[in-house]
Amino acid sequence: MSPITQFRRLARLPFIYIAKILRQQEQTSLKILTQIILVQFAFYFNFLILWKSVSFLLGFSPYDSIFDYTNFTFSDLKGLTNIFCWLINSVLTSFIISVIVGRSKLAWDFALTVHIINIILSIIYNKSFPTHILWWLIQFVSSLLIIFLGTYMSRFRELRDTFFDELLDSSTTSNNKSIEMNDLENQT
């Protein structure tokens, strides 16, 4: 076996292992921890991609830390861009939660976990408790966006198999039968 083939097999192992964990039906602590790590990684990765892209396009220095709460401000275009990217990232994270977690009951848990970990990392990075009201307001709005959109998207994915597939199947059939409504008043 060539070294390249061995490397490919070793490189695939973590992904195969993660996929096996995520396919489990029961909620084990290892599955929940894996989901938390994946959602947190996706949250920061998406924000970094958004922030670096927009910073490059607008000519900002993209080397500011994402944990620095003084970057969130209404006083300049850079701060507004940071706020905008953070809120767009919240929408993307809600989609990621619906894909990785997939359960509407757990969406708010993961949304709050993302923000609690972010607050802890911000405190560690800044070596002080965040005191900017705007930063707290953005975190609150961001968590609400992730909670509501993540719950809605997860619920839609859960119910799609039960309710929506029948609607799609009946509309794609070649029979053009009309749907008859039952007369509920005349039924006894």
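Note that the structure is a prediction, hence the values are computed from the model and not measured. (Residues numbered from 1 in each chain as written. Predicted model: local features only at pLDDT ≥ 70, side-chain atom pairs only at ≥ 80, totals over all residues. Heavy atoms only, no water.)

Here we look at helix H3 (residues 77-100)
With 24 residues, H3 extends 34 Å between its outermost C-alpha atoms, agreeing within 8% with the 34 Å of an ideal straight helix rising 1.5 Å per residue. In the segment just after H3, Gly102 is the residue with positive phi, at about 75°. (Helix = DSSP H or I, 4+ residues; strand = E, 2+ residues; numbered from the N terminus. Expected span 1.5 Å × (residues − 1).)

Some points on the side chain of Ser90
Relative to the helices and strands, Ser90 is located in helix H3. For Ser90, a relative accessible area of 0% corresponds to the buried category. A polar contact is formed between the side chain of Ser90 and the side chain of Ser142, at a distance of 2.4 Å. Apart from the residues lying within four places of it in its own chain, the contact partners of Ser90 are Ser142, Leu145 and Ile146. (Buried < 20%, exposed > 50% of the residue type's maximum accessible area, 1.4 Å probe, protein only. Polar contact = N/O pair within 3.5 Å; in protein donor to acceptor, adjacent residues only side chain to side chain. Contact = heavy atoms within 4.5 Å.)

Structural notes on the environment of Trp86
Checked against the element boundaries, Trp86 lands in helix H3. We classify Trp86 as buried; its relative accessible area is 0%. C-alpha separation for the pair Trp86 and Phe43, spaced 43 residues apart in sequence, amounts to 9.6 Å. Beyond its immediate chain neighbours, meaning those up to four positions away, Trp86 contacts Phe43, Phe47, Ile66, Phe72, His115, Asn118, Ile138, Gln139 and Ser142. In this structure the side chain of Trp86 is engaged in a polar contact, spanning 3.5 Å, whose partner is the side chain of Ser142.

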